Amino acid sequence: MMTHDQIYDVIVVGAGHAGCEAALASSRMGCRTMLLTINLDAIALMSCNPSIGGLAKGHLVKEIDALGGEMAKNIDATGIQFRILNTKKGPAVRASRAQADKQLYRLRMKRVLEQQTNLDLKQGEVTSLYFEGNELHGVELQSGIRYHSKTVVVTTGTFMRGLIHIGLNNYPGGRAGDQPSIGLSDQLRVLGFAVGRLKTGTPARLDSRSIDFTKLEAQYGDEPPLPFSFSTDRITMPQIPCHIAYTNPRSHDIIRSGLDRSPLYSGIIEGVGPRYCPSIEDKVVRFPEKDRHQTFIEPEGLDTIEVYPSGMSTSLPIDIQVAFYRSIVGLEGVEIMRPAYAIEYDYVDPIQLHNSLETKMINNLYHAGQINGTSGYEEAAGQGLIAGINAALRVKGQDPLVLERSQAYIGVMIDDLVTLGTKEPYRMFTSRAEYRLLLREDNADLRLRDIGHRLGLVTEKEFDLFAEKRRMIKEELARIGVTRLVHSSDQLEVLSRHGLEDIQKGATLEQLLKRSDVSYSALAELDDVSRETPAVIRDQVEIQTKYKGYIDRQLEQIEQSKKMETTRIPVELDYISVKSLTTEVREKLSKNRPDTLGQASRIPGVTPAAISILSIALKSSSWKENAK
């Protein structure tokens, strides 16, 4: 085994969406970093859908950007259709989504990584972690090279013992066209980690020349397209439409005819699939009353004929795939360029992690992305960013960054994973965030930009622009609170036009804006200063004014729970010795090893009474006496 002479601060294993963010974060924080991947040409490859964002996922992307990550900038530079979802609903659940030019997305991220100082890119398969005694000191590659490092971040995606299924045929692969990672998950098992098996899948890629788009419904993006990144001024990429198609009863009959050769229904696939993104055969079996299912035919780029039929993932045999896709109106003569497949892979139960994403069992080892049981590029990138930050902070001898549930969707996601674990692919939803009115897409920079700047991930130029925006919001909120209507003839005419004759003279602009039937645009008609206020400031002022009562109530709830969230539980606490806890609660706490009292309170089966007992025990230190 050859030992490389460079000792790294951080080694990142895997260059998917988690690995890219981890490597960029640690290197930008001044740590000598190496990014290792099986294939340097597949960096940031979109293995499944060619898009970024969506419901709740858009929140994650905005938070990654606010902290100084790269995903939002990358999609802004390579996106070919941008849309805001849920525009008719409240601001808490609105979400951004964009189609990407798949190859441009990959190539730009690779270029960013290659140009990043303190970062080396290497191609190779990591087969084991390297230890000296009980201490982690690096990784070993299949090629016979050992690299030393102070910390290691593992972001292996679907590659650990990956197995691809098409009908009853299966073969090893990290994804179609790539070899799996063999050896690393076996070592993690030997080290004592609980390793499980999950499954995901992807649709076929279709030849757009063989589709009759005149029979499909075109879906265009927003005009103008709104960027993801707080640093992007405008979108410059050409924008193109997607198209909507539907399955039909004949499609479903064809699918049912192939179930006997489906690895999903014949018992060949062992892993648990994603509940919220089921395969088309799963949809047909689970919802027999539905006579059609929708698919968006999404282009994979500006200069390719390949398209992606979203929601149509399957592991059915290829002959059934051909017949099924051709049963859809508009796709009668469609040609499959790449078949759909399912993939099984190993993951490590995230209950074995701290909130920093460092493993509880091995110091200086961090896990991020699908190895933690998550599903989606955005969930992976958010974890990768935090793991990279905390690996760098460990090298610097500083405390880890832990985002609270009240601070970010990233904090909600990580807390869910490390507190509850997961037995199926985890996907982010707005419903998972109890403080979602505070955790909106639009205010991600107001929540997290300071943290990114403090870490050195947000440039001075970006932070100065943000500070100016924050100042303008504060001043405008103060101004509308003291600016009163004088009922001039012009104001009375505007009020009458909007049906607001009941507004009394002397009412403030703030009081007016609080009304559900009044938008900031009405203020702009009444007031010269409001008319000149930039749109981004208008939006923030309107949201903060209209929802102030609800926001204040959530802030009070956060303050009430803060003490429990920050009360740390000693690592060495012996729960068996804590009197009055039930056997069930002791077992759950001993298995989960929560870091804080707040985490302990969210473990299913741990009652409020048990939390009170545990709180008293921590204050009295009686458990220490019992443990002696």
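Draft legend 1. Expanded view of the overall build of the protein. When helices and strands are counted, the protein shows 22 helices and 20 strands. For the protein, the C-alpha radius of gyration of 26 Å lies close to 25 Å, the compact-globule estimate for 628 residues. Summarising its shape, the C-alpha atoms of the protein cover approximately 85 × 75 × 50 Å along the three principal directions. Every one of the 628 residues in the protein was classed for burial, and the buried ones make up 56%. Considering only contacts in the protein between residues 6 or more positions apart, those separated by 24 or more positions represent 73%. If you sum the accessible surface of the protein, you get close to 26500 Å²; carbon and sulfur atoms cover 50% of it.

Draft legend 2. Representation of the environment of A507 in the model. Relative to the assigned elements, A507 resides in the loop between α13 (489–497) and α14 (509–513). Look past the residues within four positions of A507 in its chain and what remains in contact with it is T483, R484 and L485.

Draft legend 3. Structural detail: the nonpolar core. Of all hydrophobic cores here, the largest spans 75 residues; its most connected members are Y105, I389, L403 and I410. Counting residues per element, this core draws most heavily on helix α9 (residues 377–395), at ten residues. Ignoring anything within four residues of it in the chain, the contact list for Y105 reads H17, A44, M46, I52, M71, N74, I75, T78 and A100. Core analysis: the next-biggest nonpolar cluster, separate from the first, contains 22 residues, L129, L136, L188 and I362 among them.

Draft legend 4. View of unusual backbone geometry. Here the residue pair E223 and P224 is connected by a cis peptide bond, since its omega of 0° sits within 30 degrees of zero. Backbone geometry places N86, a non-glycine residue, at a positive phi of 60°. Within the secondary structure layout, N86 lies in the loop between β4 (79–85) and β5 (95–100). Although it is not a glycine, N118 adopts a positive phi angle of roughly 70°.

Draft legend 5. Quick look at the pairing of strand β17 (residues 306–309). Side chains E306 and Y308 project from β17 onto one buried face, and the interleaved V307 and P309 project onto a second face that is buried too. As paired strands, strand β13 (residues 205–207) and β17 are joined by two bridges and run antiparallel to one another. Paired with D207 across the strands is E306, a residue of β17. Of the strand pairs in this sheet, strand β16 (residues 294–299) and β17 are connected by three bridges, and their pairing is antiparallel. Its bridge partner lying in β17, E298 is registered against Y308. Hairpin remark: β16 followed by β17, antiparallel, with six residues in the connecting loop.

Draft legend 6. Looking closely at the sheet that holds strand β18 (residues 336–338). The six strands lie next to each other as β14-β15-β16-β17-β13-β18, forming an open sheet whose pairing is antiparallel. Single-partner strands in this sheet number two, and they are β14 (217–219) and β18. For this sheet the average axis-to-axis angle between neighbouring strands, irrespective of direction, equals 35°. As defined by bridge partners, β14 adjoins strand β15 (residues 242–246) across three bridges and the pair is classed as antiparallel. In the strand pairing of β15, E217 is matched with I244. Of the strands in this sheet, β13, β17 and β18 touch helix α8 (residues 318–326), which is tilted by about 130° from β18.

About the cut-offs
- Residues numbered from 1 in each chain as written.
- Predicted model: local features only at pLDDT ≥ 70, side-chain atom pairs only at ≥ 80, totals over all residues.
- Heavy atoms only, no water.
- Helix = DSSP H or I, 4+ residues; strand = E, 2+ residues; numbered from the N terminus.
- Rg over C-alpha atoms; globule rule 2.2 N^0.38 Å.
- Buried < 20%, exposed > 50% of the residue type's maximum accessible area, 1.4 Å probe, protein only.
- Contact = heavy atoms within 4.5 Å.
- Areas by Shrake-Rupley, 256 points an atom, 1.4 Å probe, with all protein chains shown as cover.
- Core = buried A, V, L, I, M, F, W, Y, C linked by side-chain atoms within 4.5 Å.
- Pairing = 2+ DSSP bridges.
- Axes fitted to C-alpha atoms, helices over the stretch in contact; angles between N-to-C directions.

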